[in-house]
Amino acid sequence: QSQFVQSGGGLVQPGGSLRLSCAASGFTLDNYAIGWFRQAPGKEREGVLCISSSSGSTYYADSVKGRFTSSRDNAKNTVYLQMNSLKPEDTAVYYCATDSLFPDYCSDSYYRYDYWGQGTQVTVSS
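Computed from a predicted model, the values in this text were never measured in an experiment.

(A) Geometry of the state of the cysteines. The full count for this structure, using the stated rule, is two disulfides. Cys22 shares a disulfide with Cys96; S-S distance 1.9 Å. Sign of the S-S torsion, about 85 degrees for the bond between Cys22 and Cys96, identifies this disulfide as right-handed. Linking Cys22 in strand β3 (residues 18-24) with Cys96 in strand β9 (residues 92-98), this pair joins segments that are 74 residues apart in sequence. Note that Cys50 is cross-linked by a disulfide to Cys106, the S-S spacing being 1.9 Å. Torsion about the S-S bond of the Cys50 and Cys106 cystine: about -70 degrees, corresponding to left-handed handedness. Of this pair, Cys50 sits in strand β5 (residues 46-51) while Cys106 sits in the loop between β9 and β10 (115-116); the two residues are 56 residues apart in sequence, bridging distant segments of the chain.

This is the structure:
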């Protein structure tokens, strides 16, 4: 059972953009920091960035700085990941996650999180 419902993934050409959505299911995310992770085939899951409860972001992957931004719409109980200037190396399954026991916790270690979305595939290819 997923605690987030994710959408917005798909196939895009290099240089294109996608906007991922992560809607909380069964709880209110207002006071929770949300981490974004991605996992490419044959690679470890890596932290991308984390958006705090106050909408500030911490970047874990230097390669996405200036290209990816996260935002939240508490009225819709949803957080977003806007991905611009996409590159083939961005190809991965993207996940959103949070720590249900701590309302404002950010970490680049995926094993610290217990609430997860189902993941959505992002493929950047010509």
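Moving on from the coordinates now.
(B) Main features of the pattern of salt bridges. Enumeration according to the criterion identifies four salt bridges in this entry. A salt bridge links Arg38 to Asp90; the nearest nitrogen and oxygen atoms lie 3.0 Å apart. Here Arg38, found in strand β4 (residues 34-39), pairs with Asp90, found in the loop between β8 (78-83) and β9; they are 52 residues apart in sequence, far enough to count as distant. Arg38 gets classed as buried once you look at its relative accessible area, which sits at 6%. Between Asp62 and Lys65 there is a salt bridge, with its nearest N and O atoms 3.2 Å apart. Residue classification places Lys65 among the partly exposed residues on the basis of a relative accessible area of 46%. Ionic contacts of the salt-bridge type, sharing partners, join the residues Arg38, Glu46, Arg67 and Asp90 into one network.

Definitions and limits used
- Residues numbered from 1 in each chain as written.
- Predicted model: local features only at pLDDT ≥ 70, side-chain atom pairs only at ≥ 80, totals over all residues.
- Heavy atoms only, no water.
- Disulfide = S-S within 2.5 Å.
- Helix = DSSP H or I, 4+ residues; strand = E, 2+ residues; numbered from the N terminus.
- Salt bridge = Lys/Arg side-chain N within 4 Å of Asp/Glu carboxyl O.
- Buried < 20%, exposed > 50% of the residue type's maximum accessible area, 1.4 Å probe, protein only.

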